[in-house]
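Spelled out from the first residue to the last, the chains are:
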Amino acid sequence: MPADKPAILFVCLGNICRSPLAEAAFRLEAERADLEAAVDSAGTGAWHAGEPPDRRAQAVARRNGIDISGYRARQVDAADFHRFSHIGALDGDNLTVLRRLRPRDGAALSLLLDPVPGRRGEAVADPYYGADAGFDATWADVTLGARHLVRALKA
Ligand code: 4NP
């Protein structure tokens, strides 16, 4: 992990819906704020490893100005805790898994929505089994979390 710039990993369950959208939203917000950061996403589960994001996630990202069709799902691994300075979980279940995997000197862990006033401890709801509109709510949440995280990293 380079010491000169932050390196952020977003983690959900499958790495095909929420965390790729968090990665995309963070890329947009960091670019807008002129923040240089490394960013990636991963899943605690491996079921979708190697797959592109869910087509509904690709669609909402495209509507918001970013192409995520080239992203590929992967499972979080031990090296991630040293490659990244900060790991943002999309919900409490995945945060619990990450806490168990984290070595003592590993990346700082938090929920993506923790830096958002009034939303500390809240999960980004899993849109996978729901209606398409759920992905717009996911986009709104990950954008808010990414914006506040970028602001905190700039400060
Ligand atoms: P994600 O959504 O964790 O936001 O990528 C899910 C994707 C796939 C599954 C669950 C959640 N699944 O059970 O296959």
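Residues numbered from 1 in each chain as written. Predicted model: local features only at pLDDT ≥ 70, side-chain atom pairs only at ≥ 80, totals over all residues. Heavy atoms only, no water.

### Observations regarding the nonpolar core
Among the nonpolar cores identified, the biggest contains 32 residues, and Phe10, Leu21, Phe26, Trp139 and Val142 are the most heavily contacted of them. Those elements that place two or more of their residues in this core are strand S1 (7-12), helix H1 (18-32), helix H2 (55-63) and helix H5 (134-154). With 7 residues, H1 is the largest single contributor of residues to this core. In this structure, Val142 is in contact with Arg18, Leu21, Ala22, Ala25, Leu90, Leu112 and Val124, ignoring residues within four places of it in sequence. (Core = buried A, V, L, I, M, F, W, Y, C linked by side-chain atoms within 4.5 Å. Buried < 20%, exposed > 50% of the residue type's maximum accessible area, 1.4 Å probe, protein only. Helix = DSSP H or I, 4+ residues; strand = E, 2+ residues; numbered from the N terminus. Contact = heavy atoms within 4.5 Å.)

### Structural notes on the site of the ligand
Every residue lining the ligand is accounted for by Cys12, Leu13, Gly14, Asn15, Ile16, Cys17, Arg18, His48, Asp126, Tyr128 and Tyr129. One of the side-chain nitrogen or oxygen atoms of Asp126 is found 3.3 Å away from an oxygen atom of the ligand. Taking 350 Å² as the accessible area of the ligand by itself, protein coverage stands at 90%. A class-by-class count of the residues in the shell around the ligand yields 6 nonpolar, 3 polar and 2 charged. (Near = heavy atom within 4 Å. Polar contact = N/O pair within 3.5 Å; in protein donor to acceptor, adjacent residues only side chain to side chain. Areas by Shrake-Rupley, 256 points an atom, 1.4 Å probe, with all protein chains shown as cover. Nonpolar A, V, L, I, M, F, W, Y, C, P; charged D, E, K, R; others polar.)

### Overview of the sheet that holds strand S3 (residues 86-89)
If you trace the 4 strands from one edge of the open sheet to the other, you get S2-S1-S3-S4, paired in parallel fashion. The outermost strands of the open sheet, each flanked by one partner alone, are strand S2 (38-43) and strand S4 (108-111). Between one strand axis and the next, the sheet turns by 25° as a mean value, whatever way the strands run. Here S1 runs beside S3; their pairing, made up of 4 bridges, is parallel. Looking at the pairing, Val11 lines up with Ala89 of S3. (Pairing = 2+ DSSP bridges. Axes fitted to C-alpha atoms, helices over the stretch in contact; angles between N-to-C directions.)

Spatial relationships are all this shows, so hold off on functional conclusions.
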